[in-house]
Structure formats: structure tokens, C-alpha cells
Amino acid sequence: MTYAITQTCCADATCVAVCPVNCIHPTPQEREFGSTEMLHVDPRACIDCGACADACPVDAIFPVDRLTGPQKAYAEINAAYFDGTPAPAPAAGSPNFHVWDRPSFERALPADFRPLRVAVVGTGPAGMYTAQDLLLHTNAEVTLIDRLPVAGGLVRYGVAPDHPTTRKIGDTFARFHDHPRVRMLLGLGVGEQVTAEELSAHHDAVVYAVGAATDRRLGIPGEDRAGSVSATTFVAWYNAHPDVAPDAIDLSAERVVVVGNGNVALDVARILTGDPERLAATDIADHALRALRDSAVREVVLLGRRGPEDAACTRPELLALAQLPGVRLVVDDHDPRVGAAIDSAAPGELAALLREVPREKVDWSKTPGEGRRIVLRFHSEPREIVGAEGEGPASAVSAVRVSGTGGEVLLPASTVLRAIGYRGTPVPGLPFDEATGTVPHDGGRVTGLPGTYVVGWIKRGSSGGIGANRTCAAETVGTLIADAIEGALPRPTPPAKAFARLARRRAPHVVDARGMAAIDRAERALGDGDGRPRTKLATVGELITASRRRARR
């Protein structure tokens, strides 16, 4: 019986490395790697050994005969990826299904090379894959820095709470927190307590993995009205991010309009319409769970500028949305192009997943009906976020004016969430490209700053999921190692422990690895009483207090 990769695939290719018959594709050596939504198991070559399932960091791989309910579709999705490709066959004189390449150790320093001091700013997936690469391929001493007093980045504050297996990648990263060549300095802001220049002076190299902290703007009138909120803020709110207040989101409206139809937009729609009691078993923020239990939201409208064939979400996420318990998924049939695109979609294409979804011409003058539903409205571009009639430009949202077939349509709503992508922000002391929201670089090497590197979304823009950061980190670390061998890294003059002393003088409440472990224990203990994996501490003060109180015991 073959195995199949399912919805939570992180695509970091850990499974590829352990497969004895090379039946998982695309591999990091193949052109498609990084451009597909997920990895796939070839059922013609799989030998049912289970090595991939054992190695998967997010529990996404299962025997086909154990798939149930919505997951059964992944057997077909995996097989369909290989349609039209020749069946694998043993190479002449070999029992293998693949002629394996010669081993390559491109990212390695000479054995006698002096230990490097490398600072990694950011503890999300990009930063932790970078740290992992440095620890595995070099003798570097790594300092992990984060402006928040807790590690995790996107894994902690970006993954939806109803995707708990995706969060398990955090357990893989956590094993490096107390590595003998790692020092953690959490709650230390670069550009706040220390400067980029000071960081560089104390290290051979500095790698910035600071992500994309803000959202892209719509650029339409009324965008800053009360009730118009970024999806970035909403995601941070339900994940207990200290930067977002518990009362930042108002769920008193019956209809919420979400601009965008990417994975983040689908996350938002799923959280707003899903059963709060199902979320009660997750690590969702306490304040968000209370608000969702009292929520008046019955309908979420997802606006897509283009047609269903060009929706920005992935097939696994759309498939999950279509099978959300207790929620009707509807396609607004306002434009003949929508139905035509769905009906003509080939098997395996995104739009084909909507073939069984009901289509209705929604009457937006009416309030949402009974029950909960999500409406997909394609070929609709927001033109204005309208305020209450007779009130000023800062009045609360009352509707969204969108372009549609035959003219413009007014969608009544008092809450609008924009989910059209994340955007990087300038890093003090580093060059910045305003057009792309990234730091200019060459293979990860920051332009004009020897010894300074970038990785993740601040390097390549907000594209690619968790696993994409693994290959991104490999490139950056490869560049760093090449620079080290060529003698291009500026050598630090202060002693190795000087930066930690400087950090503690500037940020007395800095959290180290023992403090991070104490926070983890405290959150898990709080969650145990309610049958939850953890209860997140939602303020900087709570996190610091937990790190100190528990660490002393």
C-alpha cells in the first residue's frame, strides 16, 4: 500500500532525503521544487516502507488505506501529479529506481577553519533553517536574536490554530535552542536596544531573517476607516501576538468582507465561520476564543480580482474550505466567466475543485441568512470602502464598493479585512527596496555590507511557505561560507561573550534558552487544565515573568 502526502505538507523535503527509492517529487534538485503547492508520492514506485512518514516534521504523510473523509482526495492528488510521466524503472544493473547523484558537500567549511561567530536575527522558519544549516555544516557559534521575548516567529504567530500539525515544525526547531553552540537573546530589538553596526562589530556575519511584518495596501479611498483592518492584524490577534491588543477586532457585524483569496484569506474565513468549540482544543488566544464564541458573524465574502482559475490559494486549502463542517461554501454566480472557468477546468486544476460547490446570484441588499456561509466572489475589484452616510472621512465602514459585471456593486459590511499579501519593512542600518519590500542582495549577501546577509521573506518577498525557507537558507548559508573561505568576512574585535553582556545592559529582561524553556513549560501547564496543547501568554510582561519565575525552580 502506497503512502500519500496530505494538506499540511510543509515542502521542506525532509521526506525526500530519507526515501530509499526516490518516489517523492519534486526534489530540491528538480526545477519544479518550490513552485508546487506540496510534494507528492509516486504510487507506482512507493514500497510502503514508511520512512517518509517517520521523518515528516508536520505529520502530513499517511498510508492511503488510512486516509478518511476529506483526506481521501489526497490519494488521487498525489497520483495525478505523475500522470503522463514515464513509470520509474530500475537503472541498468541496479536495483534502485534512480541513478543517485554523487554526494555533494558544497556548504561546508574546511575542518581546520576557525569557528565563526554568526548572529541570526529572527527565530521563525527562515532563521531556524539558517541556524540548522550553520550548525550542521560548519563549526559556527550561533546567536539567535528576536525582538520578542519568545521564539517562533511565523510558526507561533502566523500559522492558523486549527492547523496544529503544521505547528509541529516548531518542535524540530526547538531542539536547536539549547544546542551547545547556540546562544539565545530574545526580547532584543535590532534598531532599538542595539544597532546593526554593533551587531556586525561583534560577529563575523549577521543573517537577517526578519520576515515581512506588515501588509500590502489596497490604495483605495476609505482604506483607513474604522472597521477596515489588515489580515496581518487579524492573524496576529487570534495567535496572541503581543503587538495586537485583545480588543483590536470587532466581531459584532453579520457580514465580513475579505479582500483576497490566498491562503491567509482562507484562514481568516475559516476561523470566522468555524465552530468555536473546535477551536477550543487548539492554542488559539483566549481573548480570540471568547470573541468568536460571542461573534455575530454569519457570512464571510472573499473577493478575488481575477477568476477562479487564478485564485491565489492552494488546492489543499481550498479543498479544506469546501469541507468545513457546518459552513456552506457558495460561489457568487454574478459573472458568466466564473461558471465557464469552473466547468472547463481540467482535473487537477484549482477551479475544478469548485465544480460541486453551489453557485448563486447573491442579493447583496439582503442580510445574511440563517446558518454560516462563505461566499467566493470572483472578478470583483474593490474600488472604495464606504463610510456611514453623512459622516466624515474617518467614519466607520458601512460597505465595500466593488466593480462587477454591468457596473459597480455595493456590498454592505461593517468589517473589511485586506488579505492581499505581506510586505517587508526597512531594517535600520540596511538598504531597502521600497518597490519590492525587500533588502537588496546577491545570493543572500546584502548589497554594500560585507558580512551581512538576508534570508526568508525579507530576502525574496512574501512568497513560499515554511518549507521554501529551507532552500532559501541553504543559498544564503552557501554564500556566507564561500565568503568566509575567500576571507571576505570582517573579523570581530570584541571577545566572544562581549555581545551578550552588551545585550543584557541594553535589555535587562532578555530571555535566554532556559527562559524560553520556562515559557514553554508555563504555557503547556496552563493549557493542560483545559485540555489544550498550550495557553499562549499574550503580553510581553507575562512572557518575561514566566521566563524568570519558572527558570529559578
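Quick note: structure is the one above.
Conventions we followed
Residues numbered from 1 in each chain as written. Predicted model: local features only at pLDDT ≥ 70, side-chain atom pairs only at ≥ 80, totals over all residues. Heavy atoms only, no water. Helix = DSSP H or I, 4+ residues; strand = E, 2+ residues; numbered from the N terminus. Rg over C-alpha atoms; globule rule 2.2 N^0.38 Å. Buried < 20%, exposed > 50% of the residue type's maximum accessible area, 1.4 Å probe, protein only. Contact = heavy atoms within 4.5 Å. Areas by Shrake-Rupley, 256 points an atom, 1.4 Å probe, with all protein chains shown as cover. Lys, Arg positive; Asp, Glu negative; His and termini not counted. Charge placed at Lys NZ, Arg CZ, Asp CG, Glu CD. Arc of directions from axis to C-beta. Disulfide = S-S within 2.5 Å. Patch = residues over 30% accessible without salt bridge, like charges linked within 9 Å, V, L, I, M, F, W, Y side chains within 5 Å. Salt bridge = Lys/Arg side-chain N within 4 Å of Asp/Glu carboxyl O. Pairing = 2+ DSSP bridges.

> Help me get a handle on the overall build of the protein, residues and values and all.
A count of helices and strands for the protein gives 19 helices and 23 strands. For 553 residues, the compact-globule estimate of 2.2 N^0.38 gives 24 Å, and the C-alpha radius of gyration of the protein, at 25 Å, lies within 12% of that figure. With respect to the principal axes defined by its C-alpha atoms, the protein has extents near 70 × 70 × 50 Å. Split into buried and exposed, the 553 residues of the protein put 53% on the buried side. In the protein, of all internal contacts separated by at least 6 residues, the share reaching a separation of at least 24 is 74%. Here the protein has roughly 24400 Å² of accessible surface; of this, 51% comes from carbon and sulfur atoms. A gap of 6 Å separates the mean positions of the 61 positive and 67 negative side-chain charges of the protein.

> Explain helix H14 (residues 336–344) to me, using residue names and the numbers behind them.
Taken together, the buried positions of H14 are Val338, Gly339, Ala341 and Ile342. Taken down its axis, H14 places every buried residue within 160 degrees of arc, on the same side. In H14, the exposed positions that point more than 90 degrees away from the buried face belong to Pro336, Asp343 and Ser344. On its buried face, H14 is in contact with strand E13 (327–332) and strand E14 (359–360).

> Residues and numbers for the environment of Thr2, please.
Positionally, Thr2 belongs in the segment before strand E1 (3–5). As a C-alpha pair, Thr2 and Val118 span 116 residues in sequence and 43 Å in three-dimensional space. Apart from residues no more than four positions distant in its own chain, Thr2 is found in contact with Val41, Asp42, Pro43, Cys46, Pro63 and Val64.

> Please provide a residue-by-residue account of the state of the cysteines, values included.
As used here, a disulfide is simply a covalent bond connecting the sulfur atoms of two cysteines. Evaluation of the coordinates by the stated rule reveals zero disulfides. Cys46 takes part in no disulfide bond, and the closest cysteine sulfur, belonging to Cys23, lies 4.7 Å away. Residue class for Cys46 comes out buried when judged on its relative accessible area of 18%. Cysteine Cys49 shares no disulfide, and the gap to the nearest cysteine sulfur, in Cys52, comes to 6.2 Å.

> Tell me about a positive patch on the surface, and please be specific about residues and values.
Side chains of Arg183, Lys497, Arg501 and Arg505 sit close together on the surface and give a patch of like positive charge. Mapped onto the elements of the fold, Arg183 is located in strand E7 (residues 182–186).

> Pulling in residues and values, what's your account of the pairing of strand E8 (residues 205–208)?
By the alternation rule, side chains of E8 split into Ala205 and Val207 and Val206 and Tyr208, which are all buried. One ladder, built from four bridges, connects strand E5 (residues 117–121) with E8; its direction is parallel. Along E8, the bridge assignment pairs Ala119 with Val206. As paired strands, E8 and strand E23 (residues 452–454) are joined by three bridges and run parallel to one another. Across the sheet, the residue bridging to Val207 is Tyr453, located in E23.

> Describe in detail the pattern of salt bridges, supporting the description with residues and values.
All told, the structure shown has 36 salt bridges when counted by the stated rule. Here Asp59 ties to Lys168 by a salt bridge, and the two come within 2.5 Å at their closest N and O atoms. Separated by 109 residues along the polypeptide, Asp59 in the loop between helix H2 (51–55) and strand E4 (61–63) and Lys168 in the loop between helix H6 (164–167) and helix H7 (169–174) bring together distant segments of the chain. Ionic pairing is found between Arg167 and Asp283, a salt bridge with its closest N-O pair at 3.4 Å.

> Quick rundown of helix H3 (residues 73–81)? Include the residues and the values.
For H3, the full list of buried residues reads Tyr74, Ile77 and Asn78. The buried residues of H3 occupy one face: seen down the axis, they fall within an arc of 95 degrees. Elements in contact with the buried residues of H3: E1, strand E3 (40–41) and helix H13 (315–322).

Purely geometric stuff here, so don't read any function into it on its own.
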